[in-house]
Amino acid sequence: MLKAKVLLVGPRESGKSVLANFVSESTEGIGSYRPTQGVRILEYERPNLSGNSKGAGCRFELWDCSGDQKFETCWPALMKDSHGVIIIFNPELPSHLKEIEMWYSCFVQQQPLLDSQCLLVAHHKPGSAGDTENLSLAYPLNKLKLIHSNLEEDPEDVRMEFLKYFKSIITLMNESREREEMSIIS
C-alpha cells in the first residue's frame, strides 16, 4: 500500500482542522475553535484510489499544520518527505490573501514540489457570503488549482475535489517510482 504525506497549511483560523477532519472522516476536535499546536497528524485510507483493480489503495497522512508562525522553526521538519501541500485560506479575510503567498513560498517553492502537487482551498465558513466569482489571486498563486469549499452547501463536491487531488498525488508518486525503477534497470 502506498503511503502519501500531505500537508495542510495556511493562515490561522482558516479551517485547516475542519477540512482535515472532514476529508479523513474524523470526529476528533469537532466543536469550538481550538488552535492547532504545532501539527496534528490524521491517517486516512482509500482503497483502490488509483482506479485500477490491482491498486492496493493508499494511506494518506494528513499533516494539519498550525497557522501560527511561532512554529516556523518546525516547518523544515514538517516538510520533509511530503508529497503534496494544500493551502487553505478564508477568502473573506484580505490578510489571508496576502499571507498565502508566504505559505506558497515556504511550503511549495522551497521544496522540490511541482505546482500540480499543490491545491489552494478557499474555505467559506458557515454563514459566510461565499462569493466564489470575484477572487483574484496574484502570480504565482493564480496558476494553481483553486477550489472553493463550503461544507454547508456542497460537502460532496468538496470531497470529490479532494479525491481528485489525492489521485493526482498517487499518479505522480507512481510515475516517480517507475522512473526510479527504470533508472535502476538501465
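Read on for a plain summary of the structure. (Residues numbered from 1 in each chain as written. Predicted model: local features only at pLDDT ≥ 70, side-chain atom pairs only at ≥ 80, totals over all residues. Heavy atoms only, no water.)

What to know about unusual backbone geometry
A negative phi angle characterises most non-glycine residues, just as the trans form characterises most peptide bonds.
Thinking step 1. The omega angle of the peptide bond from Tyr139 to Pro140 is 10 degrees, so this bond is cis rather than trans.
Thinking step 2. Secondary-structure assignment places Pro140 in the loop between strand E5 (118-123) and strand E6 (145-149).
Thinking step 3. At Glu13, a position not held by glycine, the phi torsion is positive, near 55 degrees.
Thinking step 4. Along the chain, Glu13 turns up in the loop between strand E1 (2-9) and helix H1 (16-24).
Thinking step 5. Residue classification places Glu13 among the partly exposed positions, given a relative accessible area of 41%.
Thinking step 6. Even without being a glycine, Asp81 presents a positive backbone phi close to 60 degrees.
Thinking step 7. Its location among the elements puts Asp81 in the loop between helix H2 (75-79) and strand E4 (84-89). (Helix = DSSP H or I, 4+ residues; strand = E, 2+ residues; numbered from the N terminus. Buried < 20%, exposed > 50% of the residue type's maximum accessible area, 1.4 Å probe, protein only.)

Considering the pattern of salt bridges
Thinking step 1. Going through the model one piece at a time under the given rule, you end up with 11 salt bridges.
Thinking step 2. Across the salt bridge formed by Arg12 and Asp68, the nearest N and O atoms sit 3.6 Å from each other. Taken as a pair, Arg12 in the loop between E1 and H1 and Asp68 in the loop between strand E3 (58-65) and H2 lie far apart in primary sequence, 56 residues in all.
Thinking step 3. Residue Arg12 is classed as partly exposed on the basis of its relative accessible area of 45%. (Salt bridge = Lys/Arg side-chain N within 4 Å of Asp/Glu carboxyl O.)

What to know about the sheet that holds E4
Thinking step 1. Pairing is mixed in the open sheet, where six strands are placed in the order E2-E3-E1-E4-E5-E6. Only two strands of the sheet have a single partner each, and these edge strands are strand E2 (39-46) and E6. Along the sheet, successive strands turn relative to each other by an average axial angle of 25 degrees, direction set aside.
Thinking step 2. Running over the sheet, helix H3 (residues 94-109) touches E1, E4 and E5 and is turned about 170 degrees from E4.
Thinking step 3. Against the sheet, helix H4 (residues 155-185) makes contact with E1, E2, E3, E4, E5 and E6, and its axis sits at roughly 130 degrees relative to E1, the strand it touches most. (Pairing = 2+ DSSP bridges. Axes fitted to C-alpha atoms, helices over the stretch in contact; angles between N-to-C directions. Contact = heavy atoms within 4.5 Å.)

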